[in-house]
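The primary structure of each chain is shown beneath.
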Amino acid sequence: MSQNSMEMCPGIPRSRTVVAVILEWRGKIALFRRSHLLSHDQGLWHCITGYVEENTPAHQQVIDELFEETGLRTEDLHSLRKGPDLVINDTQNQAWRIHTYVAHTKNRRLRIDWEHDTYRWTSPNKTKRFTNRVPWLDTILQANGYVI
């Protein structure tokens, strides 16, 4: 999203601008369980996320987050597709700007960092079996064309 288009979302500070990446391998998506070392969403399943840092384009933040949270590099990806930009309200009714992406990986094995306890590959239509997922995950998946 360009600087001008970011200004088109008045009232949403940069501190509430994030990327959300759906990681796919052979038709399955990866869900990651948030570590108890984090201050929010502990123990909940989600996709790869990260705050968009100052002076960093969203697509570069995606590359950085994938490496930090899964060990994947650009050469480990078949493709990286930009999805829709969304505005989602959190439980305190604060709006968040979310740049969504879908990354298709060549690698089934991931090297997760301290932000996650574990990860699982699942069919998109089976994500509802993960009852303790973040409330916004379904919105991200559906916005990117997944049937859940």
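Predicted model only: the values in this text are computed from it and were never measured.

Colleague: Got a minute to help me understand the side chain of E65 in this structure?
Modeller: Residue placement: E65 occurs in helix 2 (residues 58–70). In this structure E65 is buried but unpaired, with R34 as the nearest side chain of opposite charge at 8.2 Å. Residues in contact with E65, not counting those within four places in the same chain, are V19, I48, T49, G50, Y51 and T70.

Colleague: How do you make sense of unusual backbone geometry when you look at a structure like this?
Modeller: A negative phi angle is the norm for most residues apart from glycine, just as the trans form is the norm for most peptide bonds. Here the phi dihedral of R26 falls at roughly 50°; this positive angle occurs in a residue that is not glycine. One can find R26 in the loop between strand 1 (17–25) and strand 2 (28–34). Relative accessible area serves as the criterion here: at 73%, R26 is assigned to the exposed category. You will see that N55, though not glycine, has its phi angle at about 65°, which is positive. With respect to the helices and strands, the residue N55 is situated in the loop between strand 4 (48–51) and helix 2.

Colleague: How should a positive patch on the surface be read in this particular structure?
Modeller: Taken together, the side chains of K28, R108, R109, K126 and R129 define a basic patch exposed on the protein surface. In this fold, R108 is placed in the loop between strand 6 (95–105) and strand 7 (116–122).

Criteria and cut-off values
Residues numbered from 1 in each chain as written. Predicted model: local features only at pLDDT ≥ 70, side-chain atom pairs only at ≥ 80, totals over all residues. Heavy atoms only, no water. Helix = DSSP H or I, 4+ residues; strand = E, 2+ residues; numbered from the N terminus. Buried < 20%, exposed > 50% of the residue type's maximum accessible area, 1.4 Å probe, protein only. Lys, Arg positive; Asp, Glu negative; His and termini not counted. Salt bridge = Lys/Arg side-chain N within 4 Å of Asp/Glu carboxyl O. Contact = heavy atoms within 4.5 Å. Patch = residues over 30% accessible without salt bridge, like charges linked within 9 Å, V, L, I, M, F, W, Y side chains within 5 Å. Areas by Shrake-Rupley, 256 points an atom, 1.4 Å probe, with all protein chains shown as cover. Charge placed at Lys NZ, Arg CZ, Asp CG, Glu CD.

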